[in-house]
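Each chain is listed here by its residues.
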Amino acid sequence: MKQFRVGVIGATGMVGQRFVSLLENHPWFQLKVVAASPRSAGKTYEEAVGSRWAMPFPMPESAKNLIVLDASKVDEVVPQVDFVFCAVDMKKEEIKALEEAYAKAECPVISNNSANRSTPDVPMIVPEVNASHTEIIPAQRKRLGTKRGFIAVKSNCSIQSYVPALHPLMEEFGVSKVLVCTYQAISGAGKTFERWPEMVDNVIPYIGGEEEKSEQEPLKVWGRMEGDQIVPATSPSITAQCLRVACSDGHMAAVFVSFDRKPTIDQIKERWAQFAGAPQKLELPSAPKQFLHYFEENDRPQTKLDRMLENGMAVSMGRLREDSQYDYKFVCLSHNTLRGAAGGGVLLAELLAAKGYLD
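Residues numbered from 1 in each chain as written. Predicted model: local features only at pLDDT ≥ 70, side-chain atom pairs only at ≥ 80, totals over all residues. Heavy atoms only, no water.

J.: Explain the overall build of the protein chain here, please?
T.: Along the backbone of the protein chain there are 13 helices and 15 strands. Against the 2.2 N^0.38 benchmark of 21 Å for 359 residues, the protein chain shows a C-alpha radius of gyration of 20 Å, consistent with a compact globule. Dimensions of the protein chain, computed from the C-alpha atoms along their principal axes, are close to 60 × 50 × 35 Å. Relative to its full complement of 359 residues, the protein chain shows a buried share of 58%. Nonlocal contacts in the protein chain, meaning residues at least 24 apart in sequence, comprise 77% of its contacts between residues at least 6 apart. Carbon together with sulfur atoms contributes 48% to the accessible area of the protein chain, which is approximately 15100 Å² in total. Looking at charge distribution, the protein chain has the averaged site of its 41 positive side-chain charges lying 2 Å from that of its 44 negative ones. (Helix = DSSP H or I, 4+ residues; strand = E, 2+ residues; numbered from the N terminus. Rg over C-alpha atoms; globule rule 2.2 N^0.38 Å. Buried < 20%, exposed > 50% of the residue type's maximum accessible area, 1.4 Å probe, protein only. Contact = heavy atoms within 4.5 Å. Areas by Shrake-Rupley, 256 points an atom, 1.4 Å probe, with all protein chains shown as cover. Lys, Arg positive; Asp, Glu negative; His and termini not counted. Charge placed at Lys NZ, Arg CZ, Asp CG, Glu CD.)

J.: Looking at this structure, how should I read the state of the cysteines?
T.: Linking two cysteines covalently through their sulfur atoms gives a disulfide. Enumeration over the complete set of coordinates arrives at zero disulfides. There is no disulfide at Cys181, and the cysteine sulfur nearest it, in Cys242, is 8.3 Å away. Residue Cys181 is classed as buried on the basis of its relative accessible area, which comes to 17%. (Disulfide = S-S within 2.5 Å.)

J.: Whenever I open this one, the layout of surface pockets confuses me. Can you help?
T.: Over the atoms rolls a probe the size of a water molecule, and its path tells where empty space is left. The calculated volume of the second largest pocket comes to roughly 500 Å³. Every residue lining the second largest pocket is counted, 23 residues in all, and those nearest its centre are Pro285, Ser286, Ala287, Asn311 and Met313. Elements represented by at least two residues in the lining of the second largest pocket include exactly helix H1 (14-23), helix H10 (278-282), helix H12 (309-312) and helix H13 (338-354). Grouping the constituent residues of the lining of the second largest pocket by class yields 11 nonpolar, seven polar and five charged. (1 Å grid on protein atoms, 1.4 Å probe; cavity = no way out; pocket = protein on both sides within 12 Å on 5 of 7 lines; lining within 4 Å. Points joined across faces, edges and corners; volume = space filled by probe spheres on them. Nonpolar A, V, L, I, M, F, W, Y, C, P; charged D, E, K, R; others polar.)

J.: I'm lost on the environment of Ala105 in this one. Help?
T.: Turning to its location among the elements, Ala105 is positioned in the loop between helix H5 (92-104) and strand S5 (109-111). Spatially, the C-alpha atom of Ala105 lies 28 Å from that of Glu46, the residues being 59 residues apart in sequence. In this structure Ala105 touches Val74 and Val78, once residues within four positions along its chain are discounted.

J.: I tried to follow the pairing of strand S7 (residues 175-184) on my own but got confused; where do I start?
T.: Strand residues, when the strand is regular, have side chains that alternate between the two faces of the sheet. Two elements, S7 and strand S12 (residues 251-259), share eight bridges in a ladder whose sense is antiparallel. Bridging across to S12, Lys177 finds its partner in Ser258. Across eight bridges, the pairing between S7 and strand S11 (residues 237-245) is parallel. For Val178, the partnering residue across the bridge sits in S11 and is Ile238. (Pairing = 2+ DSSP bridges.)

J.: Teacher, can you tell me more about the sheet that holds strand S3 (residues 69-70) here?
T.: Pairing between sheet strands relies on hydrogen bonds along the backbone, with the strands arranged either parallel or antiparallel. Within the open sheet, the six strands sit side by side as S3-S2-S1-S4-S5-S6. Their pairing is parallel. Whereas interior strands pair on both sides, the edge strands pair on one side only; in this sheet they are S3 and strand S6 (151-153). Across six bridges, strand S1 (residues 4-9) lies against strand S2 (residues 29-36) in parallel orientation. For Ile9, the partnering residue across the bridge sits in S2 and is Ala35.

J.: What is the right way to read the packing of H1 against H13 from this model?
T.: Helix-helix packing is described using two parameters, namely the angle between the two axes and the distance between the axes. Running from amino to carboxyl end, H1 crosses H13 at an angle of 45°, the nearest separation of the two axes being 9 Å. By the angle class used here, H1 and H13 are oblique. Crossing hand, H1 versus H13: right-handed. Side by side, H1 and H13 meet where Val15, Arg18, Phe19 and Leu22 of the first sit next to Leu338, Ala341, Ala342, Gly343, Gly345 and Val346 of the second. Per-class residue counts for the contact of H1 with H13 are seven nonpolar, two polar and one charged. (Axes fitted to C-alpha atoms, helices over the stretch in contact; angles between N-to-C directions. Parallel < 35°, antiparallel > 145°, perpendicular 65-115°, else oblique. Left-handed = near helix turned anticlockwise from the far one by under 90°.)

J.: Can you help me understand the pattern of salt bridges in this one?
T.: It is possible for side chains of opposite charge to pair when their charged atoms get near one another. A full pass over the atoms with the stated rule returns 14 salt bridges. Salt-bridge contacts for Asp121 lead to Arg143; the nearest nitrogen and oxygen are separated by 2.5 Å. Of this pair, Asp121 sits in the loop between S5 and helix H6 (137-144) while Arg143 sits in helix H6, and the two are 22 residues apart along the sequence. In this structure, Glu322 engages Lys262 in a salt bridge whose closest nitrogen and oxygen atoms are separated by 3.5 Å. With Glu322 in strand S14 (residues 315-322) and Lys262 in the loop between S12 and helix H9 (265-274), this residue pair connects regions lying 60 residues apart in the sequence. Using a relative accessible area of 42% as the deciding quantity, one classes Lys262 as partly exposed. Through salt bridges with shared partners, a single ionic network connects Glu100, Lys104, Asp121 and Arg143. (Salt bridge = Lys/Arg side-chain N within 4 Å of Asp/Glu carboxyl O.)

J.: Sorry, what's going on with the packing of helix H7 (residues 162-173) against H9 here?
T.: It is the contact of H7 with H9, at a shortest axis distance of 9 Å, that shows an interaxial angle of 120°. When the axes of H7 and H9 are compared, the crossing they make is right-handed. Seen from H7, the contacting residues are Ala165, Pro168, Leu169, Glu172 and Phe173; seen from H9, they are Gln267, Ile268, Arg271 and Trp272. Taken together, the residues that form the contact of H7 with H9 break down as six nonpolar, one polar and two charged.

J.: What is the right way to look at the nonpolar core in this model?
T.: If you look at the biggest cluster of nonpolar residues, it comprises 58 residues, and the most contacted ones within it are Ile9, Val77, Tyr102, Tyr162, Trp272 and Phe330. The dominant element in this core, judged by the number of residues it contributes, is H7, at seven residues. In this structure, Phe330 is in contact with Ala165, Leu166, Ala253, Ala254, Val255, Val257, Trp272, Met317, Gly318, Arg319, Leu320 and Arg321, ignoring residues within four places of it in sequence. Phe4, Met14, Trp28 and Ile137 belong to the second-largest nonpolar core, a separate cluster that totals 46 residues. (Core = buried A, V, L, I, M, F, W, Y, C linked by side-chain atoms within 4.5 Å.)

So, in structure tokens, the structure goes:
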């Protein structure tokens, strides 16, 4: 694989910091540009981040002395990179405009932001689940008037645990109805306990916009390509409730599911154990070797013990059992800033590179 020059837009925030960390010593991608708001521009990356470095390990030495560019100055960033990751903290319409400006400047954008997730010709990809949605990119390029430039997004972090668990069961058994309650870590809000002391010993039963995303985004992931757009699926019906809990990292979900053709518990476990997607088949650098892990112990998965499974890129499940209202219930866990954010973005970029979309 060729080497790609990479930029991180929104590099000083928590997800941006994850991107910077994951790019250290990446076999395909070399970090060349960090960009952020005008107030950070002109400083070294180390100076711009300062005391806000939120990772549990030191800042990569290779990133410390990079001079932060103004993310809005597209013409300064684009000549130095082959593509960018975008993780900015701005208003939705501003993000859409910024990402489109990069794409129109012939710079592919792999975005962690929600702004373009509902755009019909922008693929929203969980690489193991709907890798084929990359095929919409030529239609998007036609709309944008570009040859190389496009936008691809990863889905919301809250769906990364339960959508992969449901996906291997859908075609054979027909998932009809889903109820999910998610218990989401504070890093999903870009916070640490030091910067959000009111979250210590606390649960907040509301995360703005999260329940709508949790109910709607899976339907686009499971949608079909039709002409120049992705048409969302019409089923399963999903209802969600999302809570912020006092964990640093890791989103857990309690899932209740009904099927058109009810499988046995052994069939479900077998489908989970056997499932592999495009990243595993292509042996992408960031792909977990085993995507879905099932724990037989009644008290697993646990956030603190299991969020870093396969470098934080695997999804783990447990407590599968029959339910009195739905067919089955189980719990699942994913690392929200790795699989759910920057790690999922890097894996998506690897998929796009392997398929030739970044050439």
